[in-house]
Amino acid sequence: MRGLYTEKVVSGKIPFGQLVSEILDAGTGESVSSQIRETAQGSESNVRAAEACGQSPESNVPAVEARGQSPESNVPAAEACGQSPESNVRAAEACGQSPESNVPAVEARGQSPEVNALAAADDLEAECPEVLAEQFCDDGEGEVNQYNVYKITIREKYYVLKKSDQAEIGIYEHFLKGQGLPVPDYFGSARWGGKQWILIEYIPGTDLREYSSDMAFSCAESLSRIANRYWQEDEADFIRKRQDDRFERYWKRINKRAECLKEEPVLKAAYDIFLERQLTCPRTLSNGDFLQFNAIFRDGKVTLVDWAFGGIMPYALDIARMIAHGTENRQTFPFYMTRAHKELFVERTYELLEHKPSYERYLADIRLAVLNEYIEFIESDLLDSSQVRDEVFDYYYAHALALAQELRLK
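Residues numbered from 1 in each chain as written. Predicted model: local features only at pLDDT ≥ 70, side-chain atom pairs only at ≥ 80, totals over all residues. Heavy atoms only, no water.

Points about the overall build of the protein
Along the backbone of the protein there are 16 helices and 10 strands. Considering the protein as a whole, with its 410 residues, one finds that 54% of them fall into the buried category. Long-range pairs, those at least 24 residues apart, make up 76% of the contacts in the protein between residues at least 6 apart in sequence. Surface accessibility of the protein: about 18100 Å² in total, with carbon and sulfur atoms responsible for 48%. (Helix = DSSP H or I, 4+ residues; strand = E, 2+ residues; numbered from the N terminus. Buried < 20%, exposed > 50% of the residue type's maximum accessible area, 1.4 Å probe, protein only. Contact = heavy atoms within 4.5 Å. Areas by Shrake-Rupley, 256 points an atom, 1.4 Å probe, with all protein chains shown as cover.)

Focus: the layout of surface pockets
In this structure, the second largest pocket encloses a volume near 650 Å³. If you go around the second largest pocket, you meet 23 residues; those closest to its centre are Ile323, Arg339, Lys342, Arg367 and Val370. Listing elements by their share of the lining of the second largest pocket, those giving two or more residues are helix H12 (316-324), helix H13 (339-352), helix H14 (359-376) and helix H16 (391-409). (1 Å grid on protein atoms, 1.4 Å probe; cavity = no way out; pocket = protein on both sides within 12 Å on 5 of 7 lines; lining within 4 Å. Points joined across faces, edges and corners; volume = space filled by probe spheres on them.)

A few points about the pattern of salt bridges
Going through the model one piece at a time under the given rule, you end up with 22 salt bridges. A salt bridge links Glu210 to Arg330; the nearest nitrogen and oxygen atoms lie 2.6 Å apart. Within this pair, whereas Glu210 is found in the loop between strand E6 (195-201) and helix H8 (213-229), its partner Arg330 is found in the loop between H12 and H13, the two being separated by 120 residues in sequence. With its nearest N and O atoms 2.7 Å apart, the salt bridge here joins Arg240 to Asp237. Here Asp237 and Arg240 lie together in helix H9 (residues 235-240), a separation of 3 residues that amounts to about one turn. A residue is classified by how much of its surface remains accessible, and Asp237, at 10% relative accessible area, is buried. Three or more residues joined by partner-sharing salt bridges are found here, namely Asp289, Arg321, Glu373 and Glu376. (Salt bridge = Lys/Arg side-chain N within 4 Å of Asp/Glu carboxyl O.)

Concerning the sheet that holds strand E3 (residues 145-154)
The strand order across the open sheet built from 6 strands is E1-E2-E3-E4-E6-E5, with neighbouring strands paired in antiparallel fashion. Looking at the sheet topology across the chains shown, the edges are occupied by strand E1 (4-8) and strand E5 (186-192). Averaged over all neighbouring strand pairs, the angle between strand axes comes to 30°, with direction disregarded. Where strand E2 (residues 132-138) and E3 come together, 6 bridges link them in antiparallel fashion. Paired with Leu132 across the two strands is Thr153, which belongs to E3. Set on the sheet, helix H7 (residues 166-176) makes contact with strand E4 (157-164), E5 and E6; between it and E6 the angle comes to about 35°. (Pairing = 2+ DSSP bridges. Axes fitted to C-alpha atoms, helices over the stretch in contact; angles between N-to-C directions.)

So, the pairing of E6
Burial analysis of E6 places 5 of its 7 residues in the buried class, which makes it a mostly covered element. Where E4 lies against E6, 6 bridges are found, and the strand directions are antiparallel. Residue pairing for E6: Lys162 is matched across the bridge by Ile198. What sits between E5 and E6 in their antiparallel hairpin is a turn of 2 residues, with Gly193 showing a positive phi close to 65°.

Quick notes on the confidence of the model for the protein
Here the protein shows a mean pLDDT of 81. Residues at 70 or above account for 73%. With pLDDT under 50 throughout, residues 29-127 is counted as low confidence; its partners more than four residues away or in other chains account for 190 contacts. (pLDDT = per-residue confidence, 0-100.)

A word on unusual backbone geometry
Positive phi is not limited to glycine here, since Arg155 has a value of about 50°. Inspection of the secondary structure puts Arg155 in the loop between E3 and E4. One non-glycine residue, Asp299, lies in positive phi territory at about 55°. Within the element layout of this structure, Asp299 appears in the loop between strand E8 (295-298) and strand E9 (301-304). The class for Asp299 is exposed, based on a relative accessible area of 69%.

Examining the packing of H14 against H16
Contact geometry of H14 with H16 gives a least axis separation of 9 Å together with a crossing angle of 150°. What the angle tells us is that H14 and H16 run roughly antiparallel. Both H14 and H16 take part in a crossing whose hand is left-handed. Where H14 abuts H16, its residues Arg367, Leu368, Val370, Leu371, Tyr374 and Ile375 lie against Tyr396, His399, Ala400, Leu403, Ala404, Glu406 and Leu407. Each residue belonging to the contact of H14 with H16 can be placed in one class, and the counts come to 10 nonpolar, 1 polar and 2 charged. (Parallel < 35°, antiparallel > 145°, perpendicular 65-115°, else oblique. Left-handed = near helix turned anticlockwise from the far one by under 90°. Nonpolar A, V, L, I, M, F, W, Y, C, P; charged D, E, K, R; others polar.)

Notes on the packing of helix H11 (residues 265-278) against H14
With their axes 10 Å apart at the nearest point, H11 and H14 run at an angle of 120° to one another. Comparing the axis directions of H11 and H14 gives the class oblique. In this structure, H11 meets H14 at a crossing whose hand is left-handed. Across the interface between the two elements, Ala270, Tyr271, Ile273, Phe274 and Arg277 from H11 touch Arg361, Asp365, Leu368, Ala369, Leu371, Asn372 and Ile375 from H14.

Re the side chain of Asp138
Tracing the backbone through its elements, the reader meets Asp138 in strand E2. Engagement of the side chain of Asp138 in a polar contact is seen with the side chain of Arg209, the distance being 2.4 Å. (Polar contact = N/O pair within 3.5 Å; in protein donor to acceptor, adjacent residues only side chain to side chain.)

Thoughts on helix H10 (residues 246-257)
Between its first and last C-alpha, H10 extends 17 Å over 12 residues, near the 16 Å set by a 1.5 Å rise per residue. Elements that come into contact with the buried residues of H10 comprise H11, strand E7 (283-286), strand E10 (311-314), H12, H14 and helix H15 (379-383). (Expected span 1.5 Å × (residues − 1).)

Some remarks on the pairing of E3
Among the 10 residues of E3, 8 are classified as buried, and the element is accordingly described as predominantly covered. Bridge analysis of E3 against E4 gives 6 bridges, and the strand direction is antiparallel. Its bridge partner lying in E4, Ile152 is registered against Tyr159. Here E3 folds back onto E4 in antiparallel fashion, the turn holding 2 residues, of which Arg155 has a positive phi close to 50°.

What follows is the structure in structure tokens.
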């Protein structure tokens, strides 16, 4: 198994050059696409240099959805948004073509704007061979997963182009962009094929699957910086500083999750304590899916990537998600993490929080959030008794039951 890797994409399916050029042109006010075209018409040595650029196995990638589940399962992501003919004109102009010579002829043949956009993008990328696209893939869990996330190389500059939605765009534009936080730079978004696409900074480095003490300290520093920036202490703060509807969606989802516990009295009693605490627990900006492959470690710093499930939520959620699934024998996920690593991360995060409850309350909040993590990964099995319960289910169920009993005793 290779873990995380990339595969070169043959142009024609997605207009990579068009999307990147549209986003960068809008962000800089300059014609980046024409610069790409001019460079491509120069020396072939530049083309060979771009093609020879190797791909490190470490980079940004959205979380592998464990056993077919998303972190907040069933959160809508797709948006219906049409492709405007204007984008086709821009693509034609970027290749040095007259819009009149291209668009009307295509429309006269009865082709849709999306087909026209794809044709124009093919022309752009045919004339701009320095646009290199590589798709992120992962076989770390025994099967190959391919993501709608691409490493884009243009003139020896690297970006990540990702299929996204309005919720993630909102996180970047309202919370992260220009804030100096440990997240990728955000360049903007564009629409194509009825979907939203975002362009962000490519972060080289390693993910956190092979956890270390240095990673624990760096994780704590990065997470606490974000938490301190957007901390909301109590219900008065929740109302006064309300910036999104993420908590409401989260609250609806965890109450739906509780339905799987109807035949599990011990788990249900503990989960009720968790639900009650979520209404009053301090909130902050959370990544929402802070797993080991959603963070990049480089030069002693950790960058949080993939903000598709982000928003203002209880502060303990990201801490709990990081520690709940790492084990010394990689029993659930391919994440190596020792008990000592977890303790370092938890303790250092508390030290760096500028606003915080008592340490006892802090640990209790994390335990409750870890319980939610365990139950998330047995939810579908508990709802459908016909499913075969494997060793992963056994692991999460046993740990959830032990933690539930511990919480009831406190």
